[in-house]
Amino acid sequence: MQKTSSIFARVEPSLKQEAESILGELGVPLSNAINIFLKQIVMQRGIPFEVKLSPAAPVAIGALDVATLDAELEKGYADLKKGRVRTKKDVFSDVKQGYNL
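Cut-offs applied
The numbers attached to residues start from 1 for each chain and follow its sequence in the written order. With pLDDT at 70 or above as the cut-off, local features in this predicted model cover only qualifying residues; side-chain atom pairs require 80 or more to be listed or tallied, and sums for whole chains, interfaces and linings still use all residues. Excluded from the side-chain calculations are hydrogens and water; all other atoms, namely the structure's heavy atoms, are used. Two kinds of site are reported from a 1 Å grid over the protein atoms alone, namely cavities, where a 1.4 Å probe fits but cannot get out, and pockets, open sets with protein on both sides within 12 Å along at least five of seven lines, and residues are called lining when an atom falls within 4 Å of a point. Grid points are joined across faces, edges and corners, and a volume is the space filled by probe spheres set on the points. Each reported salt bridge corresponds to a side-chain nitrogen of Lys or Arg within 4 Å of a carboxyl oxygen of Asp or Glu. For every residue, the accessible area (1.4 Å probe, protein chains only) is compared with the maximum for its type, and the residue is labelled buried under 20%, exposed over 50%, or partly exposed between those bounds. Strands here mean DSSP runs of E at least two residues long; helices mean DSSP runs of H or I at least four residues long; both are numbered from the N terminus.

Asker: Describe the layout of surface pockets, naming the residues involved and giving the relevant values.
Answerer: Within this model, the largest pocket holds a volume of roughly 490 Å³. If you go around the largest pocket, you meet 14 residues; those closest to its centre are K3, S5, I7, N35 and L38.

This is the structure:
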């Protein structure tokens, strides 16, 4: 099929350069990679990979400066005041599940 449609997208120059470098090693022009991506969206009827937020990492207290530690303690106190609390049993159950213990 003849390609007669164009897509214009603004991306970070360094991201484009890095992607083109990797694709160049694979012998795939950026326009072909975009075409492959769009075909996968059509075939899978959605984005062809999982899109989600990374899990929140626990705060390492020893790595915090005083101001950041105070801010984290304030957030915890605000949660406590609003009733956003969990039982010790639930917390440890999540920890065990998260680390496959």
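Asker: Before we move on, can you summarise the pattern of salt bridges with the specific residues and values?
Answerer: Throughout the structure, instances matching the rule amount to 5 salt bridges. Among the ionic pairs, R84 bridges to D79, the shortest N-O distance being 2.6 Å. D79 sits in the partly exposed class, given a relative accessible area of 29%. Residue D94 pairs with R86 through a salt bridge whose shortest N-O separation is 2.2 Å.

Asker: Before we move on, could you go through the environment of K96 and cite the residues and values that matter?
Answerer: Within the secondary structure, K96 is located in helix α4 (residues 88-98). Note on K96: relative accessible area 47%, which makes it partly exposed. Placed 27 residues apart in sequence, K96 and L69 show a C-alpha to C-alpha distance of 26 Å.

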